[in-house]
Amino acid sequence: MMRVVIAEDAALLREGLTRLLEDRGHSVCAAVTDGDALLAAVAEHQPDVAVVDIRMPPSHTDEGLRAALAMRKAFPGTGVLMFSQYIETSYSAQLLEGGAAGVGYLLKDRVANVAEFAAALERVAGGGTALDPEVVSQLFRASRQRGGLATLTPRERQVLALMAEGRSNSAIAADLVVSGGAVEKHVASIFTKLGLPPDESDNRRVLAVLHYLGG
Amino acid sequence: MDEDIRRVAGTVLRAPFTRRTVRELLYCGIGGITGVIGFSITVVMLALGLTISVSILGTVVGLLLLILALRVSRRLGGLHRRVAWWLLRYQVEAPPKFQPGTGILNRIDKRLRDRAAWRAVSYSLVKLPVAAVQLYATTITCIGLADITYPVDWVLFRHQASGPMVVVFPFPLGGTFDVYGFAGTYLAAIAGAFSVLAGTWLARGINAGDRRLVRSLLGPSSMSERVSELERTRTLAVEDSAAALRRVERDLHDGAQMRLAALAMNLGMAREKLSDDDAARPDHATVRELLDAAHRNAVDALADLRDLARGIHPPALDNGLPSALATLAASSAIPASVTAEIGDRPAPAIETIAYFCAAELIANATKHSYANQIKINIFTERTGVLRLQVTDDGIGGADATHGSGLAGLAQRVSTVDGRIDVSSPPGGPTTVSVELPLKA
């Protein structure tokens, strides 16, 4: 069971999210509508993770992101899942600046797949990473490592993208409908081709991949 | 050659008997008098304002007087323009309305930089010599007319009287000669005819000059003013469209997009319920509830999108303004009637602006006026102007400078050189008149 704080100004989505999470046996400690209330609620309830809308009152621009960054500083142990109708590369860059542990950035569309959304949230709550496929494909497009990426097979590129999203080997295997061993082989091959140090922990692996893509 | 001379001579000699001459002479008389009055007022106020503002203590009073002088000059300019239209049928459009700034200092500054007012001041000053010539032309014509009647006068009144008859002959600058007999009165009549002819043509000549002055000094603007006006309205247009796009984005984000996200969430949850392990007996009530919510969100999203699309371009406009306005009136909360008389169809951009003006004005009336009835009147004028009038029988007191609604409309309209006039005395009725060119 996770303890969750929600910050979302649209009542429809706030209530929907609350219900969705409670249906799955999680506990929603607080559901607030702006950044200041989010920080107060996190201080009060010490949740495992916060789901934060980026655009909230009063200015309806990026107060959610700013609140999330402040929250990361003040409560490093609490995961943050940014939840937005748009993917902005500059936002994801700011969010990942302080490390990829306990960070997520998903399009609101992803909530349509309840199981995947819940899995992503659980990953973030557990100190993992959950990046939207959109974020990852933007990173791929913007990456200066075209030469390195070109050496990968299509399958390996798929695996790399899923790694960048923050998924574990078993999740990747389930997603691609292959065996765990096959994924491990792909991962090892990718790391060799790109010259990355192999690392067992999912967390450090995401960071290495993101660092590679961003570099 | 002879033909030409005869024709010119004919024109010259016939001139006094034309209707136009009567108007020109009337204009000389009336315009001359208003010119002298305008000159006096302007000079007195300017002199007072300038002298007082030179002394330190009087700066404020002097400045206020100066501003008053500028405002009065604008009014006087309007008077002169109207006289020119009334008597000469010479139409010069008014310069753009003064755009007051915000804040007292800014207001004063803008008043003092009001170029149209300064041009009106210069007209008032230049008008004095013009008015002098105009009054002279009127006078000699009148004297000439009197002189022409001398033979008749002699026969009717003077044949028994003793002594000479004094004839005023206004050339070069005035003078008299005496007439001692009936034959002499013909000389007086000839002198009179000459005076009338001279006065007539002098009037025409000086009025031609005056027209030029009216156009250049009391007209809309010089080229540089026009340029700065265009720069200003272009900025407005750009800002307006950027704001419109931002509004659309905001509406989408908070409306349809949000509802579709909620819809996707409802469907996702319903699917979860159905694929639970105990799918053999799914929780029908919950699934139904989730589907209801999804359905509601889909319907609301459609409504949001429809409103948004209509806000971008009302489909009814495709059939022309009259039918679009009729649709608008039909959905008004206060009973509204439309009369339309449109000749050439305006450009699409103009139609759109007119439509949104009408929509905004109806919304304003509904919100603020407590009216029982709204009348929407749209027609094209012969001068190539589309005029929209929205009248309500409400409480009045609408103000174009305050309240962003009317001010925003005025901005939007000014981007196509249109203008808005508001008449809304306390107690009503309120009439807002929007003037737009037919082509953007």
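Everything in this summary refers to the structure shown in the same document. (Residues numbered from 1 in each chain as written. Chains lettered and ligands numbered in written order. Predicted model: local features only at pLDDT ≥ 70, side-chain atom pairs only at ≥ 80, totals over all residues.)

## What to know about the interface of chain B and chain A
Inference 1: On the chain A side, the residues contacting the 13 residues of chain B number 15 residues.
Inference 2: The biggest single contributor to the side of chain B that touches chain A is helix α9 (residues 256-274) of chain B, with 12 residues.
Inference 3: Its residues assigned to classes, the side of chain B that touches chain A comprises 7 nonpolar, 4 polar and 2 charged. (Contact = placed C-beta atoms within 7 Å. Helix = DSSP H or I, 4+ residues; strand = E, 2+ residues; numbered from the N terminus. Nonpolar A, V, L, I, M, F, W, Y, C, P; charged D, E, K, R; others polar.)

## Section: helix α11 (residues 321-330) of chain B
Within an α-helix, residues lying three or four positions from one another point in the same direction, as the helix has 3.6 residues per turn.
All names here are of chain B.
Inference 1: Taken residue by residue, α11 has Leu321, Ala324, Leu325 and Leu328 as its buried positions. Taken around the axis of α11, the buried residues stretch over an arc of 95°, which confines them to a single face.
Inference 2: Those residues of α11 that are buried are in contact with β3 (336-341), α12 (348-368) and β4 (374-381). (Buried ≥ 20, exposed ≤ 12 C-beta atoms within 10 Å, placed from the backbone. Arc of directions from axis to C-beta.)

## Some thoughts on the packing of helix α9 (residues 169-176) of chain A against helix α10 (residues 180-194) of chain A
Residues and elements named next belong to chain A.
Inference 1: Relative to each other, α9 and α10 sit at 110°, their axes nearing to 9 Å. Classed by the angle they form, the pair α9 and α10 counts as roughly perpendicular. For the pair α9 and α10, the crossing hand works out as right-handed. Residue-level inspection shows Asn169, Ser170, Ile172 and Ala173 of α9 in contact with α10, the latter providing Gly180, Val183, Glu184 and Val187. (Axes fitted to C-alpha atoms, helices over the stretch in contact; angles between N-to-C directions. Parallel < 35°, antiparallel > 145°, perpendicular 65-115°, else oblique. Left-handed = near helix turned anticlockwise from the far one by under 90°.)

## Points about the packing of helix α3 (residues 59-88) of chain B against helix α4 (residues 104-112) of chain B
Residue and element names in this part refer to chain B.
Inference 1: Interhelical geometry of α3 versus α4 gives an angle of 50° and a closest axis separation of 9 Å. With respect to their mutual orientation, α3 and α4 come out oblique. The hand of the α3/α4 crossing is left-handed. In contact with Leu63, Ile67 and Leu70 of α3, α4 contributes Ile108, Arg111 and Leu112.
Inference 2: Classifying every residue of the contact of α3 with α4 by side-chain character gives 5 nonpolar, no polar and 1 charged.

## Examining the sheet that holds strand β2 (residues 27-32) of chain A
Residue and element names in this part refer to chain A.
Inference 1: Reading across the sheet, the 6 strands line up as β2-β1-β3-β4-β5-β6 and stay open at both edges, with parallel pairing between neighbours. Strand pairing shows two members of the sheet lacking a second neighbour, β2 and β6 (129-131), which therefore form its edges. Across this sheet, the average inter-strand angle for adjacent strands is 20°, counted without regard to direction.
Inference 2: Examined bridge by bridge, strand β3 (residues 49-53) and strand β4 (residues 79-84) share 5 bridges and lie parallel to one another. Among the inter-strand pairings, Ala50 is bridged to a residue of β4, identified as Val80.
Inference 3: In the packing of helix α2 (residues 35-45) onto the sheet, contacts are made with β1 (3-7), β2 and β3, and the angle to β2 comes to roughly 150°. (Pairing = 2+ DSSP bridges.)

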